[in-house]
Amino acid sequence: MLDGQGRPACAIETTSVLIQRFDQVDEAFALAEGEGPYEAWRDGHIAYFDRNGGYAPDMMLVCERFRVVDVFVRNEKAPGLP
């Protein structure tokens, strides 16, 4: 995975991939994303897809589960920090 500046941030291992309709994503998957309760996940994703080309309940999503294998530590300071 890359950070916001395109630099490697961590290594992941994909554990499963499921292609399914938006309206079939279950609460367990939404909660695993860590973005709050199911309703917040749903509303946030609908807003995101609306802003980026359109939302439809039957749109197909690629739902990936993964585990973090390694986090890459940098020695440099972030811009603007002492």
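Within an unreviewed UniProt entry, the label attached to the protein chain reads ASCH domain-containing protein, and the organism entered is Achromobacter denitrificans.

Asker: Tell me about the confidence of the model for the protein chain, and please be specific about residues and values.
Answerer: Confidence in the prediction for the protein chain averages 91 pLDDT; 91% of positions are at 70 or higher. Within the protein chain, strand 1 (residues 10–21) carries the highest mean pLDDT (97), whereas helix 1 (residues 27–32) carries the lowest (94).

Asker: Break down the environment of Ala32 for me, citing the residues and quoting the values.
Answerer: Relative to the helices and strands, Ala32 is located in helix 1. Look at Ala32 and you get exposed, because its relative accessible area is 52%. Considering only alpha carbons, one finds Ala32 and Gln5, 27 residues apart in sequence, at a separation of 25 Å.

Asker: I'd like a rundown of a nonpolar patch on the surface, residues and numbers included.
Answerer: Taken together, the side chains of Met1, Ile12, Phe66, Val68 and Val71 define a hydrophobic patch exposed on the protein surface, amounting to about 430 Å² of accessible area. It is strand 2 (residues 60–71) that provides the largest number of residues to the nonpolar patch, a total of 3 residues. Within the element layout of this structure, Met1 appears in the segment before strand 1.

Asker: Talk me through the UniProt feature "domain: ASCH" (unreviewed entry) in the protein chain; I want residue IDs and the actual numbers.
Answerer: Per the UniProt record, "domain: ASCH" (unreviewed entry) is annotated on residues 2–69. Between the end C-alpha atoms of residues 2–69 there is a gap of 14 Å, over a span that is 29% helix and 32% strand.

Asker: So what's going on with the packing of aromatic side chains? Residues and values would help.
Answerer: A complete count under the given rule lists 5 aromatic pairs for this structure. Taking the centre distance of 5.1 Å and the plane angle of 80° together, the rings of Phe22 and Tyr55 count as edge-to-face. Taken together, the residues Phe22 in the loop between strand 1 and helix 1 and Tyr55 in the loop between helix 2 (38–51) and strand 2 connect sequence positions 33 residues apart. Phe22 sits in the buried class, given a relative accessible area of 1%. By way of ring pairs, the aromatic residues Phe22, Tyr38, Trp41, Tyr48, Phe49 and Tyr55 are connected into one cluster.

Cut-offs and rules
Residues numbered from 1 in each chain as written. Predicted model: local features only at pLDDT ≥ 70, side-chain atom pairs only at ≥ 80, totals over all residues. Heavy atoms only, no water. pLDDT = per-residue confidence, 0-100. Helix = DSSP H or I, 4+ residues; strand = E, 2+ residues; numbered from the N terminus. Buried < 20%, exposed > 50% of the residue type's maximum accessible area, 1.4 Å probe, protein only. Patch = residues over 30% accessible without salt bridge, like charges linked within 9 Å, V, L, I, M, F, W, Y side chains within 5 Å. Areas by Shrake-Rupley, 256 points an atom, 1.4 Å probe, with all protein chains shown as cover. Salt bridge = Lys/Arg side-chain N within 4 Å of Asp/Glu carboxyl O. UniProt positions renumbered as here; feature names shortened; annotations may be inferred. Phe/Tyr/Trp six-rings, centres within 6.5 Å; stacked < 30°, edge-to-face > 60°.

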